[in-house]
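These are the residues of each chain, in order.
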2 protein chains.
Amino acid sequence: MSQARPSSPKLADFLCFAIYSANLAYGRAYKPILEKLGLTYTQYITIVALWENDNQTVGGLGEKLFLESNTLTPILKKLEALGYLHRRRDPADERQVIVSLTDAGRSLREKGLELNLVKATGLSVEEFPKMQKAVTTLRDNLAKAARGVG
Amino acid sequence: MSQARPSSPKLADFLCFAIYSANLAYGRAYKPILEKLGLTYTQYITIVALWENDNQTVGGLGEKLFLESNTLTPILKKLEALGYLHRRRDPADERQVIVSLTDAGRSLREKGLELNLVKATGLSVEEFPKMQKAVTTLRDNLAKAARGVG
DNA sequence: CACCTTAAGTTCGTGTGCGATTAAATCGTA
DNA sequence: TACGATTTAATCGCACACGAACTTAAGGTG
């Protein structure tokens, strides 16, 4: 195993890699919990977004989830097939599709699915919201930069 | 658009969602830079890991990248096809595959590919390493929890 | 109204992630 | 040494993420 040159950038110093690998770790932590419900992580946060605001358009939902319609459409169709939501064209604008939860979709919330992985983060009650805020700000700054602003 | 119930969990309070969406934002910020090189993000960090330590096994590389061989194998084959690395069985243990950079793979480092998105994060020089450390610790705690430890 | 432009979703192809299975090599132990 | 257990990659199928192209609907201008 040859040595790296002194100038070599270290993976451990990359913030992008920390975020990337933390995301993988979160997915692995959530998986055993979510698979008991037959949901993937993306399907789960889609349901959560609908708990927060029902009857959203695909585009509106995508804005909140940071996903394009080409990603959302198959997920929404899957959740519709599972009986958790309905999709219907907006009669006032047939281009848009309104997504709304079914009783089954709403009842997931009451089914004890208040996933709580706070303990697994190792963060204290004071640290948790600070971290959450900091990562959210980071995300918004990156999104701004990607749009060419800043 | 109906109102959410008071008890409804808000997406904006989820640390997992902050990480998830920050990862998407990072990918979008990196894409225009990396596609000039014809590399994806995962291919890029694989190259970085090999800059740091050349001649690694698939498993060893996977440990550093937090990826399994089922994910890495097609990526390594692609990078081999692009001429950036070689794959060969270890003569001392034919089960293992040694991955090593080619001159082309090493030269990517000199080609000014020291991607620097620090400014895009909006973090100060003092904040950046703190954030990087905090997210790394979070990732390690989550990984520990997912393994059933803790 | 006819025509062009814009907007919203869908479809398709590529590239990850990952669970499950397989193939091959090595190890351990009687 | 023979053989079952373990280790390491690779393969396969499924589910995202996303660029690009397509379809349909709405809006704007003459």
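Residues numbered from 1 in each chain as written. Chains lettered and ligands numbered in written order. Predicted model: local features only at pLDDT ≥ 70, side-chain atom pairs only at ≥ 80, totals over all residues. Heavy atoms only, no water.

If you look chain A up in an unreviewed UniProt entry, it shows as MarR family transcriptional regulator from Chelatococcus reniformis.

1. Digging into the pairing of strand 3 (residues 93-101) of chain A
Each regular strand shows side chains that alternate between the opposite faces of the sheet. Residues and elements named next belong to chain A. Where strand 1 (residues 56-57) meets strand 3, two bridges bridge the pair, whose relative direction is antiparallel. Residue Gln56 lies in a different strand from strand 3, and its bridge partner there is Val99. Relative to strand 3, strand 2 (residues 85-90) is paired through six bridges, and the arrangement is antiparallel. Looking at the pairing, Leu85 lines up with Leu101 of strand 3. Between the antiparallel neighbours strand 2 and strand 3 lie two residues. (Pairing = 2+ DSSP bridges. Helix = DSSP H or I, 4+ residues; strand = E, 2+ residues; numbered from the N terminus.)

2. Let's talk about the interface of chain B and chain A
In this assembly, 62 residues from chain B lie in contact with 62 residues from chain A. Together, Leu15(B), Tyr20(B) and Leu142(B) form the three largest contributors to the area buried by chain B at its contact with chain A, with a combined 10%. Remark: the boundary between chain B and chain A carries zero salt bridges. On inspection of chain B and its partner chain A, the count reaches twelve residue pairs in polar contact (both at pLDDT 80 or more). At the level of secondary structure, the elements contributing two or more residues to the side of chain B that touches chain A comprise helix 1 (15-34), helix 2 (41-52), helix 3 (58-65), helix 5 (103-110), helix 6 (118-121) and helix 7 (127-146) of chain B. Element by element, the count of residues in the side of chain B that touches chain A is highest for helix 1 of chain B, at 15 residues. Of the residues in the side of chain B that touches chain A, the class split is 38 nonpolar, 13 polar and eleven charged. (Contact = heavy atoms within 4.5 Å. Buried area = accessible area lost by both parts, 1.4 Å probe. Salt bridge = Lys/Arg side-chain N within 4 Å of Asp/Glu carboxyl O. Polar contact = N/O pair within 3.5 Å; in protein donor to acceptor, adjacent residues only side chain to side chain. Nonpolar A, V, L, I, M, F, W, Y, C, P; charged D, E, K, R; others polar.)

3. Some thoughts on the protein's contact with DNA strand C
The full set close to DNA strand C counts 27 residues, and Tyr20(A), Arg28(A), Ser69(A), Thr73(A) and Arg87(A) are the nearest of them. Each atom of DNA strand C within 4 Å of the protein belongs either to a base or to sugar and phosphate, the latter forming 75%. Arg95(A) has a polar side-chain atom sitting 3.2 Å from a sugar or linking oxygen of DNA strand C. One of the backbone N or O atoms of Val97(A) is found 3.4 Å from a phosphate oxygen in DNA strand C. Looking at the surface near DNA strand C, the elements with two or more residues in it are helix 1 (15-34), helix 3 (58-65), helix 4 (69-81), strand 2 and strand 3 of chain A together with helix 2, helix 4 (69-81) and strand 3 (93-101) of chain B. Looking at the surface near DNA strand C, its residues break down into six nonpolar, eleven polar and ten charged. (Near = heavy atom within 4 Å.)

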